[in-house]
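What follows is each chain in one-letter form.
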Amino acid sequence: MRERSQPGLRDSDRGRFKLRERSQPGPRDSKRRCLLAAVLLLACGSSGGEPFSYPLAAVGAGAGPFPVGDWQVTLTRAEVAIGPIYLCATAAASPDLCDVALGEFTEVAVVDALAPVAEIGELHARPGEPRSAMLDYGISWFTTQSRPEALATLGHSARLTGTAVRDGASLSFDALVDVVPPLRGSPALVGVRAHSEFQDEGSRLELRLDPRAWLTGVDFDALAASGLVHSINPGDPAHAAIAFAMTTQPPSFRWTHD
Amino acid sequence: MPPALTPARRVRCGAALLLAALTARSAAAAPAVQAPRPVQQVEAAYPLAAASSSPQRVELLVTVGVDGGVGEVTVASSAGPAFDAAAIAAVRQWRFTPATQGGAPVAARIRVPFVFPPPLAEPAPPAPVPSDIPASPVPAASSPAPTRPVPSASPSAPVPAASSPAPVAPAPSDSPTQPVPSASTSAPVPTASAPAPVAPVPSDSSTQPVPSAGSAPSPGDEGVIEVSTHGRRPPPPRAASDFVLGPEVLNAAPKQSSGDMLTRAPGVYVSRPEGDAVAHEIYLRGFNAAHGQDIEFTVGGAPINQISHLHGQGYADLNFILPEVVRSIRVTEGVYDPHQGDFAVAGSIDFDLGVAQRGFLLRSTGGSFGTFRQLAMWAPRGQSEETFAAAAIRRSSGFGMNRGALSGTGLGQFAFTGPGGLAGKLMVAAHAARAGMAGVLRNDDVEAGRVGFYDRYPDPGAGAQSASAARGQLGLELTHRSETGGRTLFAAHAALVDFHSRENFTGYLQRSMVMPAWVGRGDLIEQQNRDLGGGFRLSHRTGWWRPARWFAATLELGSSARIHRVRQAQNLLQAPSNETWDHRVDAEILATDVGLFADLELRFGKYVQLRGGARADVLHYDIDDHLGNFIAPYQVASHLVGYRRTATGVAAGPRVALEVTPLPWLKTFVAYGQGYRSPQARQLEEGERAPFTKVHSVEGGVRLAPRWRRPVELTAAGYGTFLAQDLAFDPEEGRLEKIGPTRRSGVVAALQTRPWPWLQVSTSVTYVHAILTAPPPATVEDPNPAYVAGQLLPYVPPVVVRLDLGVSKDLVQLGAHPLAMRLGGGFNYLSARPLPYGQSSDPLYLLDASASLRWSWIELGVEAYNLLARRYAASVYSFVSDWGTTPVPSRLPARHFAAGPPLSVLGTLTLSF
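Residues numbered from 1 in each chain as written. Chains lettered and ligands numbered in written order. Predicted model: local features only at pLDDT ≥ 70, side-chain atom pairs only at ≥ 80, totals over all residues. Heavy atoms only, no water.

1. Examining the overall build of chain A
No. 1: Broken down by element type, chain A carries five helices and 16 strands.
No. 2: Relative to its 258 residues, chain A shows a buried fraction of 50%.
No. 3: When contacts within chain A are restricted to residue pairs at least 6 apart in sequence, those whose partners lie at least 24 apart make up 79%.
No. 4: Accessible surface, chain A: about 11,600 Å² in total, of which carbon and sulfur atoms supply 54%. (Helix = DSSP H or I, 4+ residues; strand = E, 2+ residues; numbered from the N terminus. Buried < 20%, exposed > 50% of the residue type's maximum accessible area, 1.4 Å probe, protein only. Contact = heavy atoms within 4.5 Å. Areas by Shrake-Rupley, 256 points an atom, 1.4 Å probe, with all protein chains shown as cover.)

2. Examining the overall build of chain B
No. 1: Looking only at helices and strands, chain B features seven helices and 43 strands.
No. 2: Across the 913 residues of chain B, 60% fall into the buried class.
No. 3: Long-range pairs, those at least 24 residues apart, make up 70% of the contacts in chain B with a sequence separation of at least 6.
No. 4: As presented, chain B carries roughly 31,900 Å² of accessible surface, and 64% of it is formed by carbon and sulfur atoms.

3. Structural notes on the interface of chain B and chain A
Where interface size is quoted, it is often the accessible area lost as the parts come together.
No. 1: Between chain B and chain A, the contact holds 39 residues from the first and 43 residues from the second.
No. 2: At the junction of chain B with chain A, the criterion picks out nine residue pairs in polar contact (both at pLDDT 80 or more).
No. 3: Secondary structure elements with two or more residues in the side of chain B that touches chain A: helix H6 (443-447), strand S36 (759-772) and strand S42 (894-899) of chain B.
No. 4: Taken together, the residues of the side of chain B that touches chain A sort by class into 20 nonpolar, eleven polar and eight charged. (Polar contact = N/O pair within 3.5 Å; in protein donor to acceptor, adjacent residues only side chain to side chain. Nonpolar A, V, L, I, M, F, W, Y, C, P; charged D, E, K, R; others polar.)

4. Observations concerning the packing of aromatic side chains
All names here are of chain B.
No. 1: Using the criterion set out here, one finds 24 aromatic pairs over all chains in the structure.
No. 2: Where Tyr795 meets Tyr877, the ring centres are 6.1 Å apart and the plane angle is 65°; that geometry is what we call edge-to-face. Separated by 82 residues along the polypeptide, Tyr795 in the loop between S36 and strand S37 (799-814) and Tyr877 in strand S41 (residues 873-879) bring together distant segments of the chain. In this structure, Tyr795 and Tyr877 share a single accessibility class: buried.
No. 3: Counting every residue linked through ring pairs, the aromatic cluster contains Phe369, Phe399, Phe453, Tyr454 and Phe897.
No. 4: Above the ring of Phe287, the side-chain terminus of Arg744 is found at 3.5 Å from the ring centroid. (Phe/Tyr/Trp six-rings, centres within 6.5 Å; stacked < 30°, edge-to-face > 60°. Lys NZ or Arg CZ within 6 Å of the ring centre and 35° of its normal.)

5. Here we look at the pattern of salt bridges
Side chains that differ in sign of charge can pair as their charged atoms come close.
No. 1: Across all of its chains, the model carries 47 salt bridges over all chains by this definition.
No. 2: Between A:Arg204 and A:Glu119 there is a salt bridge, with its nearest N and O atoms 2.8 Å apart. Here A:Arg204, found in strand S14 (residues 203-208), pairs with A:Glu119, found in strand S7 (residues 118-125); they are 85 residues apart in sequence, far enough to count as distant.
No. 3: For B:Asp804, the salt bridge goes to B:Arg264, with nearest N and O atoms at 3.9 Å. Of this pair, B:Asp804 sits in strand S37 while B:Arg264 sits in the loop between helix H5 (258-261) and strand S11 (268-271); the two residues are 540 residues apart in sequence, bridging distant segments of the chain. B:Arg264 shares its class with B:Asp804; the two are buried.
No. 4: A cluster of three or more residues bridged by salt bridges with shared partners is formed by A:Glu119, A:Arg204, A:Glu206, A:Arg208 and A:Arg254. (Salt bridge = Lys/Arg side-chain N within 4 Å of Asp/Glu carboxyl O.)

6. A word on the environment of A:Gly128
No. 1: With respect to the helices, strands and loops of the structure, A:Gly128 is situated in the loop between S7 and strand S8 (132-135).
No. 2: Linking A:Gly128 and A:Asp200, residues 72 residues apart in sequence, is a C-alpha distance of 8.6 Å.

7. With respect to the confidence of the model for chain B
Residues and elements named next belong to chain B.
No. 1: Looking at chain B as a whole, its pLDDT mean stands at 82, while 81% of the residues score no less than 70.
No. 2: Ranking the elements of chain B by mean pLDDT puts helix H3 (residues 183-186) last, at 32, and strand S20 (residues 388-396) first, at 98.
No. 3: Below a pLDDT of 50 lies the segment residues 1-6, which in the model reaches two contacts outside its immediate sequence neighbourhood of four places, other chains included.
No. 4: Here residues 13-30 is modelled with pLDDT under 50, and outside its nearest four sequence neighbours on either side it reaches six contacts, counting other chains as well. (pLDDT = per-residue confidence, 0-100.)

8. Things to note about the sheet that holds strand S4 (residues 85-88) of chain A
Residue and element names in this part refer to chain A.
No. 1: As summarised here, the arrangement of the eight strands in space is S13-S8-S4-S5-S7-S1-S14-S16, forming an open sheet in which the pairing is mixed. The sheet is open, and its two edges are formed by strand S13 (189-193) and strand S16 (252-257), each paired on a single side. On average, adjacent strands in this sheet sit at an angle of 25° to one another, irrespective of strand direction.
No. 2: Bridge analysis of S4 against S8 gives four bridges, and the strand direction is antiparallel. Looking at S8, one finds that Cys88 is bridged to Ser132. (Pairing = 2+ DSSP bridges. Axes fitted to C-alpha atoms, helices over the stretch in contact; angles between N-to-C directions.)

9. Some remarks on the sheet that holds strand S12 (residues 281-284) of chain B
No. 1: The sheet built from three strands is open, its strands ordered S11-S12-S13 (chain B) with antiparallel pairing. Looking at the sheet topology across the chains shown, the edges are occupied by S11 and strand S13 (287-288) of chain B.

10. Some remarks on the side chain of B:Gln527
No. 1: Locating B:Gln527 in the fold gives a position in strand S26 (residues 524-541).
No. 2: By relative accessible area, B:Gln527 is classed as buried at 2%.

11. Describing a nonpolar patch on the surface
Residue and element names in this part refer to chain B.
No. 1: Among the surface-exposed residues, Phe360, Leu362, Trp378, Trp857 and Phe913 lie close enough to one another that they form a single nonpolar patch of about 520 Å² accessible area.
No. 2: Within the secondary structure layout, Leu362 lies in strand S18 (residues 359-367).
No. 3: Residue classification places Leu362 among the partly exposed positions, given a relative accessible area of 35%. (Patch = residues over 30% accessible without salt bridge, like charges linked within 9 Å, V, L, I, M, F, W, Y side chains within 5 Å.)

12. Overview of the state of the cysteines
Residue and element names in this part refer to chain A.
No. 1: The final tally for this structure, using the stated rule, is one disulfide over all chains.
No. 2: What pairs with Cys88 in a disulfide is Cys98, and their sulfur atoms sit 2.1 Å apart. An S-S torsion of about -90° defines the bridge between Cys88 and Cys98 as left-handed. Of this pair, Cys88 sits in strand S4 while Cys98 sits in the loop between S4 and strand S5 (103-105), and the two are ten residues apart along the sequence. (Disulfide = S-S within 2.5 Å.)

13. A short note on helix H2 (residues 81-91) of chain B
No. 1: Where H2(B) is concerned, the buried positions are B:Phe83, B:Asp84, B:Ala86, B:Ala87, B:Ala90 and B:Val91. Seen end-on, H2(B) carries its buried residues on one side only, within an arc spanning 165°. (Arc of directions from axis to C-beta.)

14. Points about the pairing of strand S39 (residues 844-855) of chain B
For a regular strand, side chains alternate in direction, first toward one face of the sheet and then toward the other.
Residue and element names in this part refer to chain B.
No. 1: Bridging between strand S38 (residues 817-830) and S39 involves twelve bridges; their strand directions are antiparallel. Directly across from Phe827, in S39, lies its bridge partner Leu847.
No. 2: Counting the residues that bridge the hairpin from S39 to strand S40 (residues 858-865) gives two residues, and of these Ser856 lies at a positive phi of roughly 55°.

15. Notes on unusual backbone geometry
No. 1: Of the consecutive residues A:Gly83 and A:Pro84, the connecting peptide bond is found in the cis state with omega at -5°.
No. 2: Looking at the secondary structure, you find A:Pro84 in the loop between strand S3 (71-82) and S4.
No. 3: Cis geometry is adopted by the peptide bond preceding B:Pro576, which originates at B:Ala575 and carries an omega value of 0°.
No. 4: One can find B:Pro576 in the loop between strand S28 (551-574) and strand S29 (579-604).
No. 5: In this model, B:Asn866 sits at a positive phi of 55°, which is unusual for a non-glycine residue.
No. 6: On the secondary structure map, B:Asn866 appears in the loop between S40 and S41.
No. 7: For B:Ala869, which is not glycine, the phi torsion reads 55° and is therefore positive.
No. 8: Taking the relative accessible area as the measure of exposure, B:Ala869 reaches 46% and is therefore partly exposed.

Below, the structure written as structure tokens:
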């Protein structure tokens, strides 16, 4: 019952053709053009393209230090649970406007957001032009679930650990962040901008995570007033600030193509 | 040219004339003798084992007793033992009103000629027929007629001394889907005016030998009345791809339902992915006709397709047709006949009902998966083939989880004749069925072992899937033939058809429209469609007008009407309690279709025939859409739900077919026509001119029937169809939705032959290139739709191959009866079917086979379906679903399938007496 390959023009082929129009033709391009012409000849009556996969990776922003108000913050640990991810053809992805996705990563991966590059896995896709995405940070509320559940081994959406320094004073923090979908059947993040003119087997998608930006809303002064070691948990103002930032400053999507 | 009279014959003729004169004188003195009148007539079956390439004529002398029964039968003119036996077997089932003399019944001897045309005969030349009667084209090879006697009112028949039956014109088609004239047309023309000589026998001595001219009388024998038989005759083909499947093809391979029999037609594939209580899914020559949206189905001319059916436009449930009573099937591929009405987009299919083997028949079938079927059938001897009563029950545990089924069917037909050329038939049918459904499975779930191939999902929403159907149907058809060859038809029909299904295709994706916060309660779609409707057909075909020797014309004018009241609802249910959690459809529809047509047939000499005309249908809808203008809950304070509207429109178009016969064994056809499919009423707006789906159909082809020793017929045709609006299955709603215009072009080749008397071979190959020309454009909501322009039409297999083999042979003589063997096989091949979202199915090939032994009144058989034990998909889809089989649901379209039955073996015991 394997999927069968089928000759014919796919949406991805059209996308690739557009790209090549902008480049200088070379011997390899000529060969590809002939191949494309042959495909076009066969394309009369094509039924479209077959599904395919391509790699998905996370790109971190580094540990710092970086400023947050008067504080210089350095992250020593930044684990982020990410997934599932759905790529959508509509400009603003939502469950209603993305009942059929163009691509998906139906797992939850815990990535080190401090690493320059961390391979996440394979993204399954079909030909088309992704324009937006929707995703969860490891906590999902599917239609069949009575309440949201954390799917990642992390048990939370993110764990951010680090220190904040100001005028010789050092504050250490350990934040366990939960970003919970607000509605049953809806991912936590919808309408995330994610655009590529095409995608195919040669594509690669990198999610740029910036945990430093998620800490910008944290009031370290208020934290320092109550002690120098802090565990930030759901219900804390600092948790709300981080969770809010994780939704307003989602990962950025960047495609590369062979 | 009659042989010259020898002296001896002259003497005998003189004696006969003298005897006739004497008889005439005595008759003048005695009360006049009224000839017997046949009231029921059974056609003779063509003895295929003795098939001949030339017409065979048998003349019988039959004694009609005072009770109207058939007494002594002798062969006056033989065509060989097989043909003689076939004629005798048929005539022994005839019944008459006895001859009378002075009002008292008397026994009489009559002459009955039977003519067996060659199985593959060319049209009869028009010249020798009476001036007002056109030539009667002998049925083509694909017709069932070769096994039937054709009208013997042939001028070549010796005219007996007694009555000369009124010749009967070829039975014009009263419906394009009714290839066979009604019982009345096969009834002999009563010889009411038949004068003497009748050889009366004293009424008190019916067993007394009847005076006759001798044991081997010759034409003109005294005391003999000739009574003509008028065999069934299909209407002339409208195109090369106008096939009539006779019993020799229909019964070659095993079949479990009448729908299965359709696979014998070129380009047709039939599956049953939704169980025993839902209509078959049918593909015809590049059309995924689903449950009937593109094919006009009729039974004896009465329409079966349901207007605006919720499950699928044109829904046609054929399950009430018992396969044992199907005498022939006409499959007209294309729209070239003005008789073809609504839903004749890919073509039309008509079932002709009749039972050749008279008497009682009991058939018990049992085998794999707890399947048991009991059939009881009664075909009264001495009555027309079209008179029968049959009933069957069937139960099965099914070949996997949640597939059990139980059904019952009763079907009866009574054919009768009246005075003055009036004839008719009355049909009644009732059917009820309920079946579980396993539904569809995701391929990836089966491959990962999360669910078995023949299982269902272990989910309440999957376990609650089922369907039920009920039907009651009544039909009456009256025909009248005038002495000038005209034919008038009136037919009326009424039916109550109920459909109820619960199906879940997508698992847990739906959100309630009524209460948008409700989600994840299961996508168990409940559909109910209750249709009460009726209608009539009325037509008159003139006799032939022959202003010149080389030209003849006939015209038929007709009308048909249907009016249906449809109540339909669609909801979402939450299993297992089946609690309603959303309303999707709640409507009442009154649909009316009034059609008019004219059909002209012109014959230019022996070689050219032009048939055609036009048809126009006025369709009117009154829709009470209880959920129309549905509004969000926050608007309830200012709005009310509900939208009532009406729409009316006209669908009209020409149909024309040209047939040229340059050689006796070669026919060429060119045909063009416009057909239509009525719209889904709920999709109409107020005052809309009913946007009919229009189809343009064109075909050119040849039919070759070489006059070889063994019958061979080869058909080849190229065709094209252009459809204004196609439909495809939408699993989210569980029904058909618009996908835009489509174009099909292809070729079909079919061969039918009998290389040896004991072997019947029928095979066909159909290729189609079917594409979507302008699917619904991308929108903001759906910028990447499932269909793109130029893509292959989803679900349609480009290549369909069918092969049927039938072996019938007497093995050995055991006592008074031979031990007869029958073997049959049917092979199907379907190439990979394109699916939405660029996917495709696997190719499919299936083999069915059967074997049986019959001796006298008992027959033992075995049938095997899917003999190659293929694990195959009866139906394949591509869509998004969430059955909870993975931690995270996928939103990518995935291949789904409904499993086809595995290897099934059934044993059959048939008792006939």
